[in-house]
Number of protein chains: 2
Amino acid sequence: MNIYDVSEKAGVSIATVSRVINGSANVSSKTREKVLAVMEELGYTPNVFARGLGLNTMNTIGIMCADSSDPFLANAVYYLEQNLRKNGYDSFLCCTGYELSTKQNYLKLLLSKRVDAIILVGSNFLEAAKKDNQYMIDAANEVPVMLINGYLAHPNIYCTLCDDYQAVYDGTIRLIEAGYRRPLFLYCSRSYSALQKLSGFRDALSASGLPAPEESVCLCANDIAQTKELLCSLKGRGLVFDAVFGAEDSLAVGAVKYAREQGLRIPEEFAVVGYNNSMLAVCSEPELTSIDNHVETLSITTVSTLMRVLGGNDVPNKTTISNELVVRGTARL
Amino acid sequence: MNIYDVSEKAGVSIATVSRVINGSANVSSKTREKVLAVMEELGYTPNVFARGLGLNTMNTIGIMCADSSDPFLANAVYYLEQNLRKNGYDSFLCCTGYELSTKQNYLKLLLSKRVDAIILVGSNFLEAAKKDNQYMIDAANEVPVMLINGYLAHPNIYCTLCDDYQAVYDGTIRLIEAGYRRPLFLYCSRSYSALQKLSGFRDALSASGLPAPEESVCLCANDIAQTKELLCSLKGRGLVFDAVFGAEDSLAVGAVKYAREQGLRIPEEFAVVGYNNSMLAVCSEPELTSIDNHVETLSITTVSTLMRVLGGNDVPNKTTISNELVVRGTARL
DNA sequence: GATAAAAATGTAAACGCTTACAAAATGTAA
DNA sequence: TTACATTTTGTAAGCGTTTACATTTTTATC
């Protein structure tokens, strides 16, 4: 069944049917109703391919996410999808993994699918590593690119960030003021966002006049058990620390596990702060004090920014949203 | 740039270029190489819409998932996406939520996008509620429908399940044999899969000669805190129970929280078993004993079954995969 | 009622590909 | 060499829309 069947049954031309489908103004209401009725009766659905051929768009946004089983990313994907849909867009999802070449392939694929824009969540793009980002820049020359918690300077790249630097800075200051003089910062990727957090931590240490040795900051795997092991071995090697600030909740949970194993009382002897305020935070025992980076707001903002970009508006390339420290049992700040 | 540009530059007809694109056998290797070289040089990518118009397919599978932020579903989506990609298929993701009418709309949308098949993960379809499932049946008349952990009898619906009934039955028996004579079963949706688990629990009780009062089974919200509250109020109302079998890990974590609040020693005085062996299981303290339903295998099997279906093979409508009880701190079985 | 302007509708040409069928080139056997 | 089968290539007709432009109908003005 196609537009001809509808036009015939409705006694109008295909152009008129097309106009009705596309909500064009130049159709008399009598005609419109008749056509709509026929479409309903026949159960007609326009062929997306033919439509795409004519319009060269399919109202689809490509979402790239390294790993949709990460709770933060999964949440973001969920809210993005929801909000895109609300705005009449569909989404292609790609779970790219963390490898550069794979990401490049996925990106090519999305572009070949003629997506109207690309949203990248949990990107690893570093301002520094220009050459690794070139492919993203190339993409931005074709379609708008939205970065969630990532930053790349380009007129067609729009970034939505929560102020990771400030969040960690403030959190660390509060930890220190609460008496934890030897905090340790754990992170598990060299993403833009992670590096922001790192700087926040370092700056808070120096602002407080505390020593900030290289060992007060540690790159580890995004895994509860491995984080625990790492902390045990650090302790074994004589490192002294009385608190852990994790760049992800999973790392913080690892720290909680470590403290339990060492018999340290939380939060009296040992404090832990996480990041994302994910479901892990309330699962942990004691529950995690964690920074809530408002993933829903982040997603909603990204989508609404994108809609404005697609609408041809002039839009700032960087939007920062708020976050907040949620205090629970692992650190009474 | 289109196929004409390539054909002209390569000095062949567009039909030949098309044959090269589609890997047709009837092209001399000399010609093929020349065309490929030109495509490479021009950076040519076939237009998916035109392609779709001709072939009436875009090599895309629709994935419907109620809530991609649920860890189990998120994992499934991740593995599905990965495996589809490996097989040359792309995926449209829809996060449908749990409401029937919304699901129906999403389904319509996917069909209108001309997906080649639909994968439904964490479906709520109950064999009983025929009329609620009619729309799925309608879809199955158009394209193959894959159900993960769901069941619906239809020649074009293919179900991949882990044996939830047996898993819970066996787990419950082991709980009882370990001395917990008053287990409570918690579940949070009336999905096919949940009801299977429920039966397994009930049958295990009666097989053990234990009473199975109505209150030994309880429907609750999929939320840690609410589950804890529920258990507290049950206890307050005089219900006696010494173990909880949760149909989801989150419910089990709620039970762990309950036990802590009540000062019950786990697992000596109170045992907990979860389901899915998700990240929550290792986050909990003590870590959850949980049934691992092998989400990766479930996803891989679903995709490979789908590939066989799309390849025109005769495929059984029901595939059951194994699961296993992972014993950790909340129940030493 | 005639005329001009505005609104509604129709015609036909894209859009970029696939593929049935026709034609040409090549290979094989006598 | 010829006759015929096989492989390779080309031609042209779709696929189902959108939309510029042409045409017809309606409305407004005098």
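Residues numbered from 1 in each chain as written. Chains lettered and ligands numbered in written order. Predicted model: local features only at pLDDT ≥ 70, side-chain atom pairs only at ≥ 80, totals over all residues. Heavy atoms only, no water.

**Considerations on the domain arrangement of chain A**
Piece 1. Taken domain by domain, chain A holds domain 1 (3-46), domain 2 (59-161 + 295-321) and domain 3 (164-293).
Piece 2. One C-alpha centre belongs to domain 1 of chain A, the other to domain 3 of chain A; they are set 62 Å apart. (Domains from an automatic or database assignment.)

**Topic: unusual backbone geometry**
Piece 1. Omega for the bond connecting glutamate 285 of chain A with proline 286 of chain A falls within 30 degrees of zero, at -5 degrees, which places this linkage in the cis form.
Piece 2. Examined against the element boundaries, proline 286 of chain A turns out to sit in the loop between helix 12 (279-283) and strand 10 (289-292).
Piece 3. A positive phi is found at asparagine 277 of chain B, a non-glycine position, where the angle reads about 50 degrees.
Piece 4. With respect to the secondary-structure elements, asparagine 277 of chain B resides in the loop between strand 9 (271-275) and helix 12 (279-283).
Piece 5. For asparagine 277 of chain B, a relative accessible area of 18% corresponds to the buried category.
Piece 6. A positive phi angle is found at histidine 294 of chain B, which is not glycine, with a value near 55 degrees.
Piece 7. Structurally, histidine 294 of chain B is set in the loop between strand 10 (289-292) and helix 13 (295-310). (Helix = DSSP H or I, 4+ residues; strand = E, 2+ residues; numbered from the N terminus. Buried < 20%, exposed > 50% of the residue type's maximum accessible area, 1.4 Å probe, protein only.)

**Observations regarding the sheet that holds strand 7 (residues 217-219) of chain A**
Residue and element names in this part refer to chain A.
Piece 1. The mixed open sheet is built from six strands, whose spatial order is 7-6-8-9-10-12. Two strands in the sheet have a free side with no partner beyond their single neighbour: strand 7 and strand 12 (324-326). Looking at each pair of strands side by side, their axes are set apart by 20 degrees on average, direction ignored.
Piece 2. Here four bridges tie strand 6 (residues 183-187) to strand 8 (residues 243-246), and the two strands are oriented parallel to one another. Bridged to leucine 184 within strand 8 is valine 244.
Piece 3. The strands that helix 10 (residues 224-236) touches are strand 6, strand 7 and strand 8; relative to strand 6, the one it contacts most, it runs at about 140 degrees. (Pairing = 2+ DSSP bridges. Axes fitted to C-alpha atoms, helices over the stretch in contact; angles between N-to-C directions. Contact = heavy atoms within 4.5 Å.)

**Quick word on the sheet that holds strand 6 (residues 183-187) of chain B**
Pairing between the strands of a sheet is mediated by backbone hydrogen bonds and can be parallel or antiparallel.
Residue and element names in this part refer to chain B.
Piece 1. Spatially, six strands are ordered 7-6-8-9-10-12 in an open sheet, and the strand pairing comes out mixed. If you trace the sheet from one side to the other, it starts and ends with strand 7 (217-219) and strand 12 (324-326), each paired once. With strand direction ignored, the average angle separating the axes of adjacent strands in the sheet is 20 degrees.
Piece 2. Together, strand 6, strand 7 and strand 9 form the strand contacts of helix 9 (residues 192-207), whose direction differs from that of strand 6 by roughly 170 degrees.

**Brief notes about the pattern of salt bridges**
Piece 1. In the structure shown here, the tally under the stated rule is 22 salt bridges over all chains.
Piece 2. A salt bridge links glutamate 261 of chain A to lysine 228 of chain A; its shortest N-O distance comes to 2.7 Å. A residue pair is termed long-range when its members are at least 10 positions apart, and glutamate 261 of chain A in helix 11 (residues 249-262) and lysine 228 of chain A in helix 10 qualify at 33 residues.
Piece 3. A salt bridge links lysine 257 of chain A to glutamate 287 of chain B; the shortest N-O distance between them is 3.7 Å. Within this pair, whereas lysine 257 of chain A is found in helix 11, its partner glutamate 287 of chain B is found in the loop between helix 12 and strand 10, the two belonging to separate chains.
Piece 4. By relative accessible area, which is 7% here, lysine 257 of chain A ends up buried.
Piece 5. Owing to a relative accessible area of 28%, glutamate 287 of chain B belongs among the partly exposed residues under this scheme.
Piece 6. When salt bridges that share partners are traced, they join Lys257 and Arg260 of chain A together with Glu285, Glu287 and Arg328 of chain B into one network. (Salt bridge = Lys/Arg side-chain N within 4 Å of Asp/Glu carboxyl O.)

**A short note on the side chain of histidine 294 of chain A**
Piece 1. Take histidine 294 of chain A: its relative accessible area is 18%, and that puts it in the buried class.
Piece 2. Every residue in contact with histidine 294 of chain A, bar those within four places of it in the chain, is listed here: Ile321, Ser322, Asn323 and Glu324 of chain A.

**Here we look at the protein's contact with DNA strand D**
Piece 1. Taken together, 27 residues sit near DNA strand D, with Ser18 and Tyr44 of chain A together with Ser13, Arg19 and Thr31 of chain B positioned nearest.
Piece 2. What you see for DNA strand D is that sugar and phosphate hold 62% of its atoms within 4 Å of the protein.
Piece 3. Threonine 31 of chain B is positioned with one of its side-chain polar atoms (N or O) 2.3 Å from a phosphate oxygen of DNA strand D.
Piece 4. Broken down by secondary-structure element, the contributors of at least two residues to the surface near DNA strand D are helix 1 (3-10), helix 2 (14-21) and helix 4 (48-55) of chain A together with helix 2 (14-21) of chain B.
Piece 5. When the residues that make up the surface near DNA strand D are grouped by side-chain class, the tally is 14 nonpolar, 10 polar and three charged. (Near = heavy atom within 4 Å. Polar contact = N/O pair within 3.5 Å; in protein donor to acceptor, adjacent residues only side chain to side chain. Nonpolar A, V, L, I, M, F, W, Y, C, P; charged D, E, K, R; others polar.)

**Let's talk about the environment of aspartate 249 of chain B**
All names here are of chain B.
Piece 1. For aspartate 249, the position within the fold is in helix 11 (residues 249-262).
Piece 2. Separated by 178 residues in the primary sequence, aspartate 249 and proline 71 place their C-alpha atoms 9.5 Å from one another.
Piece 3. Not counting the four nearest positions on each side in its chain, aspartate 249 is found in contact with Gly274, Tyr275, Asn276, Asn277, Ser278, Leu280, Ala281, Leu288 and Ser290.
Piece 4. Within polar-contact distance, the side chain of aspartate 249 engages the backbone nitrogen of asparagine 277 at 3.1 Å.

**Re the packing of helix 1 of chain A against helix 2 of chain A**
The axes of two packed helices give the description: the angle between them and the distance between them.
Residue and element names in this part refer to chain A.
Piece 1. The contact between helix 1 and helix 2 brings their axes to 8 Å, and the two run at 105 degrees. Taken together, the axes of helix 1 and helix 2 lie roughly perpendicular to each other. Counted together, Ile3, Tyr4, Val6 and Ser7 of helix 1 and Ile14, Val17, Ser18 and Ile21 of helix 2 form the full contact between these two elements.
Piece 2. Of the residues contributing to the contact of helix 1 with helix 2, the split by class is six nonpolar, two polar and no charged. (Parallel < 35°, antiparallel > 145°, perpendicular 65-115°, else oblique.)

**A few points about the state of the cysteines**
Residues and elements named next belong to chain A.
Piece 1. This structure, assessed with the given rule, holds zero disulfides over all chains.
Piece 2. In this structure cysteine 94 is a free cysteine whose sulfur lies 7.6 Å from that of cysteine 95, the closest cysteine sulfur available.
Piece 3. Under the relative-accessibility criterion, cysteine 94 is labelled buried at 1%. (Disulfide = S-S within 2.5 Å.)

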